[in-house]
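Observations on the model geometry
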Amino acid sequence: MIQELDVDGVPTLLAPTGGPMRAGLTFRVGTADETLARGGITHLLEHLALAPLGLADYHVNGATAPVFTTFHMQGSAQDIATFLTSVCANLTELPTGRMEVEKEILRTEYGSRGTAATDDIPLWRHGARDFGITSYPEWGLAALTADDLRQWAARWFTRENAVLWIAGNAVPAGLRLALPAGVRQPVPAASSALPQTPAYFVGGSRAVVLDTVVRRRTAAGVFAGVLERELYRALRQEGGLSYQTTAAYDPRGDGHATLRALADALPEKQDAVLGGFVDTLAKLRVGRIEQADLDAVVAKREDFLGTAEVDAARLPSYAFNVLTGERNLTVDEHRAELKDLSTDDLHEVAREAMAGALLMVPEGHRADWAGFTEAPTRSADTVTGTAYREKEGDGELHVGVDGVSWLGPGGPLTVRYARCALLLAWPDGARQLIGDDAISMRIEPTMFHLHPGAVRVIDSQVPADRQVAMPARDPERIPQPRAATGPERREPAKRSWWEIPLMVVSGLAALAVGGPNALLTLGMFLTETAESDEGWLWGVIAVGWLLTVILALPIVLLRRRRR
């Protein structure tokens, strides 16, 4: 059984384990609570809380997710007490002396991680806010100050906003959770950037991905397992089209859960994988759900519920439910709900999943033929203001008192200042505005007939707390119109090692033959010769001039090649 206790005012969960002792301290704060302009503040706090601990002889880590941040470890009771006590002390008295070092580590972490097929899905569904922020870099790091971190910690890292869980026989002796008082923070409301669903967008990955939101319940979790079995059977086992076919169910903390499925594909198999993926979804939506699949998924879950470690294994999710105020089921209640499930229940989940579906398709493909509406990539409106023509092309930038619009290929794009999630500002005058609907607009002054006052208008209208100063760019990375660089010039060909010696020898030979021949020609005009000798001498002169031309020819050809 999971016991509910209290340690220094922090709700505490305790469950026995037959394995190593482990524990976690989880707070109800994550990336979804940030703004795009301050993105990374929770992650930085997590790093600062762990940094002074240095190397440990036990497993220790931290994680920042959309709605929670956790610090967890595995080790002896004394190790756990020391670790969690130190984390709380560091959160209360932040080691801000390491702030710049940890910022660099976070930038390195972001630059080193690979891209996942699902990275862009949050911004397409939610925009550049709350649950969509995970799709963006942590742009806010550079501007964060020690005071920003202290205020964030005081608001979110409190004893009322935390839950401690321990897999062990007792609370470790000497454990102290010296956290400030606060309030339990609710899960942020999820926004939507999709005017209509089911929708689709073109991703940069080879995979086909389904993302949807359903009500949190046992039937939805089981449906994810059935969907994974159907995709595996159709796309890997029978079709031999995919290697990876997965489906996952992830509670969001607000009474709903994200359901996501993926199937990878080779470039030449993308059409077939997309078709098979859509066919599988359609099959489940109309209720063609196999009882054998339902039984297999339920049996797997019942096996887990029957293990001796079930309570210890459930501690992290149990703590998440306590933090978010959602109901925790007992093991017997879980079993009862699994036993009562029918294919009709899964059919209801399938219809709900398809109604809110967002499908990512590979580049060069569409899904409107399957009833999916293309997700918006343009704005529905524009703003009025001063128009600035593009230096090359037909585009036009409108800078107004309430926003900026781009009219041209790929447009219109509009970001209103009141709904601007982030303004990136470069020292050379370049600006990038990102609206809370994820519409993004890059303004390069070098590419427009732009008055300097236009940039000042934009900077003055976007609130300061949504602006981030970017580092100076290499001048070579600043785009320039082709007209500004003058006519296209071709680089002269590089000379080979033998060309100059050949030109010297050719010139000397032509001079050696041409010089005497020129004197002979001049002499013919200045002196009188017998008619019998005149014909012979003119023949010699002609041959001499022909030979001179031949000897000089390499110089002419090599100079022409150089030009």
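Before reading on, note that the structure itself is shown above.
Here's what I pulled together on the structure shown here. Values in this document were obtained by computation on a predicted structure and should not be read as measured data. (Residues numbered from 1 in each chain as written. Predicted model: local features only at pLDDT ≥ 70, side-chain atom pairs only at ≥ 80, totals over all residues. Heavy atoms only, no water.)

**A few points about the overall build of the protein**
Looking only at helices and strands, the protein features 15 helices and 20 strands. At 36 Å, the protein has a C-alpha radius of gyration far larger than the 24 Å of a compact globule built from 563 residues. With respect to the principal axes defined by its C-alpha atoms, the protein has extents near 135 × 60 × 55 Å. The proportion of buried residues among the 563 residues of the protein is 44%. One way to put it: in the protein the 56 positive side-chain charges average out to a point 2 Å from where the 70 negative ones average out. (Helix = DSSP H or I, 4+ residues; strand = E, 2+ residues; numbered from the N terminus. Rg over C-alpha atoms; globule rule 2.2 N^0.38 Å. Buried < 20%, exposed > 50% of the residue type's maximum accessible area, 1.4 Å probe, protein only. Lys, Arg positive; Asp, Glu negative; His and termini not counted. Charge placed at Lys NZ, Arg CZ, Asp CG, Glu CD.)

**Considering the sheet that holds strand β16 (residues 413-416)**
The four strands lie next to each other as β13-β14-β15-β16, forming an open sheet whose pairing is antiparallel. Two strands close off the open sheet at either side, each with one partner strand: β13 (386-389) and β16. Going from strand to strand, the sheet's axes swing by 15° on average, the running direction of each strand aside. For strand β15 (residues 403-407) and β16, the ladder comprises four bridges, and the chain directions are antiparallel. Note on β16: the bridge partner recorded for Val 404 is Val 415. (Pairing = 2+ DSSP bridges. Axes fitted to C-alpha atoms, helices over the stretch in contact; angles between N-to-C directions.)

**Concerning the packing of aromatic side chains**
Per the stated rule, a full pass over the model turns up seven aromatic pairs. Between Phe 68 and Phe 320, the aromatic rings sit 5.9 Å apart at their centres with planes inclined by 70°, giving edge-to-face as the arrangement. One end of the pair, Phe 68, is in the loop between β4 (59-64) and β5 (69-74); the other, Phe 320, is in helix α10 (residues 315-324), with 252 residues separating them in the sequence. Since its relative accessible area comes to 26%, Phe 68 is described here as partly exposed. On the accessibility criterion, Phe 320 (12% relative accessible area) is buried. Aromatic pair Trp 152 and Trp 156: ring centres 5.5 Å apart, planes at 40°, arrangement tilted. Placement of both Trp 152 and Trp 156 in helix α5 (residues 146-156) is noted, with a separation of four residues, approximately one turn of the helix. Per residue, the accessibility class of Trp 152 equals that of Trp 156, and both read buried. Ring pairs connect the aromatic residues Phe 27, Phe 71 and Phe 157, which therefore count as one cluster. Taking the ring centre of Phe 131 as reference, the NZ or CZ of Arg 252 above it sits at 5.3 Å. A cation sits over an aromatic face here: Arg 442 above Trp 426, 4.3 Å from the ring centre. (Phe/Tyr/Trp six-rings, centres within 6.5 Å; stacked < 30°, edge-to-face > 60°. Lys NZ or Arg CZ within 6 Å of the ring centre and 35° of its normal.)

**So, the nonpolar core**
Grouped together as the largest cluster of nonpolar side chains are 44 residues, with contacts concentrated most on Leu 210, Val 222, Phe 223, Leu 227, Phe 277, Leu 346 and Leu 359. Contributing elements (two or more residues each) for this core: β8 (208-215), α6 (218-238), β10 (256-263), α7 (270-285), α8 (291-305), α11 (331-340), α12 (343-355) and β11 (358-361). Ranked by residue count, the leading element in this core is α6, at nine residues. What Leu 210 contacts, discounting residues up to four positions off in sequence, is Leu 227, Leu 259, Arg 260, Ala 261, Phe 277, Leu 281, Ala 357, Leu 358 and Leu 359. Grouped together as the second largest cluster of nonpolar side chains are 39 residues, Leu 14, Leu 25, Leu 91 and Leu 94 included. (Core = buried A, V, L, I, M, F, W, Y, C linked by side-chain atoms within 4.5 Å. Contact = heavy atoms within 4.5 Å.)

**Quick word on the packing of helix α1 (residues 41-50) against helix α2 (residues 77-92)**
Packed helix pairs are specified by the crossing angle of their axes together with the interaxial distance, meaning the distance between the axes. Where α1 meets α2, the axes come as close as 8 Å, and the angle between the chain directions of the two elements is 125°. Classified by the angle between their axes, α1 and α2 sit oblique to one another. α1 and α2 meet at a crossing whose hand is right-handed. Listed contacts from α2 to Leu 45, Leu 48, Ala 49 and Leu 50 of α1 are Phe 83, Val 87, Asn 90 and Leu 91. Partitioning the contact of α1 with α2 into residue classes produces seven nonpolar, one polar and no charged. (Parallel < 35°, antiparallel > 145°, perpendicular 65-115°, else oblique. Left-handed = near helix turned anticlockwise from the far one by under 90°. Nonpolar A, V, L, I, M, F, W, Y, C, P; charged D, E, K, R; others polar.)

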